[in-house]
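Residue strings, one per chain:
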Amino acid sequence: MIRNVHVYSSFKISKKVIHKIVKLLKDENKLKIINLEINIVDIKSIVELNKKYLNHNYATDVISLNYSENSSIIDGEIFICYYVAEENAKKYGVTFDDELKRLVIHGILHLIGYDDTTEKLRREMKLKEDFYVKKAKLLGNLLNG
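All figures in this text were calculated on a predicted structure; none of them were measured in a lab.

1. Describing the environment of tyrosine 83
- Residue position: tyrosine 83 is located in helix H3 (residues 82–92).
- For tyrosine 83, a relative accessible area of 41% corresponds to the partly exposed category.
- Separated by 21 residues in sequence, tyrosine 83 and valine 62 have C-alpha atoms that sit 11 Å apart.

Next up, the structure:
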């Protein structure tokens with residue numbers, strides 16, 4: 001299923017809860033997972049990834065790299081910047097835990113074909129995210145300390 005979850009930060013993240021979130025989306029969307037790597041990275045790393053893959057010279061909260069052409073098969077990588085996630089949690093008045101869950105979900109939704117390039121698509125994706133974040137809250141806390 002998930003090959004690797006890499007955490008490059010000083011706090012501990014429950015890989016078990018990440019696996020549960022992935023399983024939730026996998027089961028509900030009838031997905032096959034060939035390979036999925038989820039990386040929690042620092043701001044320097046996310047800026048470098050943005051430069052390399054998206055020609056942006058700034059930090060974003062999440063980047064999804066999709067290696068599959070089939071929306072029912074996941075083969076990809078997700079990079080989440082914990083610093084931007086923490087800032088967004090404050091900005092939007094949500095817990096850091098919920099924001100990290102949202103970004104895992106957001107990354108997976110991108111890998112299965114959801115897009116957020118227009119206002120209409122952003123609204124649709126946000127509704128899906130909200131639906132899964134609500135379910136993910138029942139799976140436990142991502143942050144362990």
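Text resumes after the structure shown.
2. Regarding the nonpolar core
- Of all hydrophobic cores here, the largest spans 31 residues; its most connected members are Leu25, Leu36, Ile38, Ile74, Ile78, Ile80 and Ile105.
- Mapped onto this core, the elements with two or more residues apiece are helix H1 (15–28), strand S2 (32–41), strand S4 (73–81), helix H4 (96–111) and helix H5 (119–136).
- Not counting the four nearest positions on each side in its chain, leucine 25 is found in contact with Leu31, Ile105, Ile108, Leu109 and Tyr132.
- In this structure, Val47, Ile63, Phe79 and Cys81 belong to the second largest nonpolar core, which totals 9 residues.

3. Considering the packing of H3 against H4
- Contact geometry for H3 and H4: axes closest at 9 Å, N-to-C directions at 120°. Of the possible angle classes, the one that applies to H3 and H4 is oblique. Where H3 crosses over H4, the two elements pack in a sense that is right-handed. Contacts between H3 and H4 pair Tyr82, Ala85, Glu86, Asn88 and Ala89 from the former with Phe96, Glu99, Leu100 and Leu103 from the latter.

4. Quick notes on the layout of surface pockets
- In this model, the largest pocket occupies a volume close to 690 Å³.
- For the largest pocket, the lining is made up of 26 residues, of which Asp61, Leu103, His106, Asp116 and Glu129 are closest to its centre.
- Mapped by element, the contributors of at least two residues to the lining of the largest pocket are helix H2 (43–54), strand S3 (62–66), H3, H4 and H5.
- Looking at the lining of the largest pocket, the element that brings in the most residues is H5, giving 6 residues.

5. A word on the pairing of S3
- Relative to S4, S3 runs antiparallel, the two sharing 5 bridges. Of the residues in S4, the one forming a bridge with serine 64 is isoleucine 78.
- The antiparallel pairing of S3 with S4 creates a hairpin that spans 6 residues between the two strands.

6. Section: the environment of glutamate 48
- As for its placement among the helices and strands, glutamate 48 is situated in helix H2.
- Through-space distance from the C-alpha of glutamate 48 to that of tyrosine 58 is 8.4 Å; in sequence the pair is 10 residues apart.

7. A word on H5
- Across its 18 residues, H5 extends 25 Å between first and last C-alpha, which sits within 8% of the 26 Å expected from 1.5 Å per residue.
- Where H5 is buried, its residues meet H1 and H4.

8. Brief notes about unusual backbone geometry
- We note that lysine 30 has phi near 50°; this positive angle belongs to a residue other than glycine.
- The phi angle at asparagine 55 is positive, at roughly 55°, despite the residue not being glycine.
- Asparagine 55 gets classed as exposed once you look at its relative accessible area, which sits at 72%.

About the cut-offs
- Along every chain, residues carry numbers that run from 1 in the direction the sequence is written.
- Local features in a predicted model are, by the rule used here, given only for residues with pLDDT of at least 70; side-chain atom pairs are given and counted only at 80 or more, and totals for whole chains, interfaces and linings are based on all residues.
- In computing side-chain properties, one takes all heavy atoms of the structure into account and sets aside hydrogens as well as water.
- Helix numbers and strand numbers start at the N terminus; a helix is a DSSP run of H or I with at least 4 residues, a strand a run of E with at least 2.
- The cut-offs for exposure are 20% and 50% of the maximum accessible area for each residue type, with area from a 1.4 Å probe on protein chains only; residues under the lower value are buried, those over the upper are exposed, and the others partly exposed.
- Remark: nonpolar core denotes a set of buried residues (Ala, Val, Leu, Ile, Met, Phe, Trp, Tyr, Cys) joined through side-chain atoms within 4.5 Å.
- We call two residues in contact when some of their heavy atoms are within 4.5 Å.
- Axes here refer to lines fitted to C-alpha atoms; in helices the fit is confined to the stretch in contact. Angles between the N-to-C directions go from 0 to 180 degrees.
- These descriptions rest on fixed angle ranges, namely under 35 degrees for roughly parallel, over 145 for roughly antiparallel, 65 to 115 for roughly perpendicular, and the rest for oblique.
- Left-handed describes a crossing whose near helix is turned anticlockwise from the far helix through less than a right angle; right-handed describes the clockwise counterpart.
- Here a cavity denotes a set of grid points, spaced 1 Å apart and computed over the protein atoms alone, in which a 1.4 Å probe fits but from which it cannot get out, and a pocket denotes an open set meeting protein on both sides within 12 Å along at least five of seven lines; residues with an atom within 4 Å of a point are reported as lining.
- Grid points are joined across faces, edges and corners, and a volume is the space filled by probe spheres set on the points.
- Think of it this way: DSSP has to see at least two bridges between two strands before they count as a pair.
- One less than the residue count of a helix, multiplied by 1.5 Å, gives the span that helix is expected to have.

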